[in-house]
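So you can see what is in the structure, the chains are spelled out below.
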Amino acid sequence: DLIMLLTMRAGQLNEIITLYKRVITTNEYNEQKEDFIESIKVRADVQPSSSSLQMQIDRETEVQTIAASVRSYVQVTHADRAKWRGNMYDVTAIMPDRKLNRLVLTLKLADI
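Residues numbered from 1 in each chain as written. Predicted model: local features only at pLDDT ≥ 70, side-chain atom pairs only at ≥ 80, totals over all residues. Heavy atoms only, no water.

In this section: the overall build of the protein. Helix and strand counts for the protein come out as 1 helix and 6 strands. When the helices and strands of the protein are listed from N to C terminus, the series reads α-β-β-β-β-β-β. When the 112 residues of the protein are sorted by exposure, 29% land in the buried category. A sequence separation of at least 24 residues applies to 50% of the contacts in the protein between residues at least 6 apart. Accessible area for the protein stands at about 8,000 Å²; split by element, carbon and sulfur atoms hold 50% of it. (Helix = DSSP H or I, 4+ residues; strand = E, 2+ residues; numbered from the N terminus. Buried < 20%, exposed > 50% of the residue type's maximum accessible area, 1.4 Å probe, protein only. Contact = heavy atoms within 4.5 Å. Areas by Shrake-Rupley, 256 points an atom, 1.4 Å probe, with all protein chains shown as cover.)

Following this line, the structure appears as structure tokens:
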């Protein structure tokens, strides 16, 4: 019964998310630059969370967030980014879901 339940839950992870790790590089002028390099592709259960408009320096900006549930062994930090369906997202929250043995990531559409 447990194997059947785990198999059914694994079927919920029907989307692919690519995680990117943040790296800081220094050029020949000793200037630091932030960059993101592809780390790993993971299966996820993705749910749109919310969308809202915010004012940022005299302009409206859409803020879109999604919730992505991934297996608990996935190594992810708040400095990482995730790419889903062609859009890049910042990792804003990481919450364990011990019942399903997963991590629930809150991802906000990145300002690139």
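There is more to say after this.
Grouped burial of nonpolar side chains is what soluble globular proteins tend to show. Ranked by size, the top nonpolar core spans 17 residues in total, and within it I17, L19, V46, V70 and L107 carry the most contacts. Put simply, the parts of the chain that give this core at least two residues each are β1 (15–26), β2 (32–55), β3 (60–71), β4 (81–84), β5 (87–97) and β6 (102–109). Residues contacting V46, with those up to four places away along its chain left out, are E15, I17, I66, A67, A68 and W84. (Core = buried A, V, L, I, M, F, W, Y, C linked by side-chain atoms within 4.5 Å.)

Our next topic: the confidence of the model for the protein. Low pLDDT marks stretches whose predicted atomic positions should not be read closely. Chain-level statistics for the protein give a pLDDT mean of 85 and a share of 78% at 70 or above. When the criterion is pLDDT under 50, residues 1–8 qualifies, and its contacts beyond four places in sequence or with other chains add up to 0 contacts. (pLDDT = per-residue confidence, 0-100.)

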